[in-house]
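Listed here are the chains, written in short residue letters.
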Amino acid sequence: DYTTISIQTGGAGDSDNDHGTAVSGIMGACDENNVGMIGFAADHEIHVFQRNSPNYASTADVYDYANSLLFAGEATTSSWGYTCNPCPAGQSCPCNPGQNGSVACEYNASVKAEIDQGTAAGILYCISAGNGCVNMDDAIFGATFDFTTGSVYVAAVNSTGDHDASCFTSW
């Protein structure tokens, strides 16, 4: 079985049951779970970092700390994103207006630098593409999302059999 470690201040366990928790569960699912699923990080230790913890001044600090814990061949995931400013001309997200313009966390130069450092050391970063309906290949972003870090962007798909991209996902 795997071990979950919640690294945060205050001593209380992580009670977040949102997207990041679900992704961690998929990564670390053990084959004894009676649902026919095994995660690619089954039987490995999982560290949970809370971005809003007083231990971290920024999201880049979380990645810096993760880089100090992880070794080549290990993986990390995050569901954090940033709202682009400026956004592509005419940008809108009618099916998810509250996150309109949300893109992958590599939009932030400090975060991208930390991910660059981690991937250069052989750490695999699986990061959310964002839920803001944004084409990250738009010229307004220049080379920001040109996969130069080696990270893997994860976009949302519909749960129906076609697995088409969800209306809100950035890509």
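These figures come from a predicted structure and were not determined experimentally. (Residues numbered from 1 in each chain as written. Predicted model: local features only at pLDDT ≥ 70, side-chain atom pairs only at ≥ 80, totals over all residues. Heavy atoms only, no water.)

A word on the pairing of strand β3 (residues 75–78). Here β3 shows one buried face, formed by Thr76 and Ser78, and one open face, formed by Ala75 and Thr77. Two elements, β3 and strand β6 (residues 124–128), share 4 bridges in a ladder whose sense is parallel. Looking at β6, one finds that Thr77 is bridged to Cys126. (Buried < 20%, exposed > 50% of the residue type's maximum accessible area, 1.4 Å probe, protein only. Helix = DSSP H or I, 4+ residues; strand = E, 2+ residues; numbered from the N terminus. Pairing = 2+ DSSP bridges.)

This next bit is on the side chain of Ser102. Within the secondary structure layout, Ser102 lies in strand β5 (residues 102–104). A relative accessible area of 10% means that Ser102 is categorised as buried. Look past the residues within four positions of Ser102 in its chain and what remains in contact with it is Gly81, Tyr82, Thr83, Ala129, Gly130, Asn131, Gly132, Val134 and Ser170. (Contact = heavy atoms within 4.5 Å.)

It is worth spelling out unusual backbone geometry at this point. The omega torsion of the bond from Asn85 to Pro86 falls at 5 degrees, within 30 degrees of zero and hence cis. With respect to the helices, strands and loops of the structure, Pro86 is situated in the loop between β4 (81–83) and β5. Non-glycine residue Cys133 carries a positive phi angle of around 60 degrees.

Looking now at the environment of Gln117. If you trace the backbone, Gln117 turns up in helix α3 (residues 109–120). Along the backbone, Gln117 and Asp64 are 53 residues apart, and their C-alpha atoms lie at a distance of 8.7 Å.

Before going further, it helps to examine the packing of aromatic side chains. Counted by the stated rule, this structure contains 4 aromatic pairs. Ring centres 6.1 Å apart and planes at 85 degrees place the aromatic pair Tyr107 and Phe141 in the edge-to-face group. You can see Tyr107 sitting in the loop between β5 and α3 and its partner Phe141 sitting in the loop between β6 and β7 (152–154), a full 34 residues away along the chain. Note on Tyr107: relative accessible area 24%, which makes it partly exposed. Taken together, a centroid distance of 5.3 Å and an interplanar angle of 75 degrees make the contact between Phe141 and Phe145 edge-to-face. A residue is classified by how much of its surface remains accessible, and Phe141, at 4% relative accessible area, is buried. Taken together, the aromatic side chains of Tyr107, Phe141, Phe145 and Tyr153 make up a single cluster linked through ring pairs. (Phe/Tyr/Trp six-rings, centres within 6.5 Å; stacked < 30°, edge-to-face > 60°.)

With that settled, consider the sheet that holds β7. Strand-to-strand pairing in sheets goes through backbone hydrogen bonds, with the strands running parallel or antiparallel. Spatially, the 3 strands line up as an open sheet ordered β3-β6-β7, and their pairing is parallel. Pairing within the sheet leaves two strands with one partner each, and these edge strands are β3 and β7. Adjacent strand axes in the sheet meet at a mean angle of 20 degrees, parallel and antiparallel pairs treated alike. Inspection of the sheet shows β6 paired to β7 by 3 bridges, in the parallel sense. By the bridge assignment for β7, Ser128 is matched with Val154. (Axes fitted to C-alpha atoms, helices over the stretch in contact; angles between N-to-C directions.)

What follows deals with the confidence of the model for the chain. Scored by pLDDT, the chain has a mean of 76; 65% of the residues are at 70 or more. Per-element mean pLDDT across the chain ranges from 36 in strand β1 (residues 4–7) up to 92 in β5. Note that residues 1–14 has pLDDT below 50 and, in this model, 37 contacts with residues that lie over four places away or in other chains. (pLDDT = per-residue confidence, 0-100.)

Between its first and last C-alpha atoms α3 spans 16 Å; for 12 residues at 1.5 Å apiece the expected length is 16 Å, and the two agree. Each element contacted by the buried residues of α3 is listed here: α2 (59–69), β4 and β6. Taking the backbone nitrogen of Ser110 as reference, a side-chain oxygen 2.9 Å away marks Asn108 as the first, capping residue of α3. Immediately beyond the C-terminal end of α3, within one or two residues, lies Gly122, with a positive phi of roughly 90 degrees. (Expected span 1.5 Å × (residues − 1). Polar contact = N/O pair within 3.5 Å; in protein donor to acceptor, adjacent residues only side chain to side chain.)

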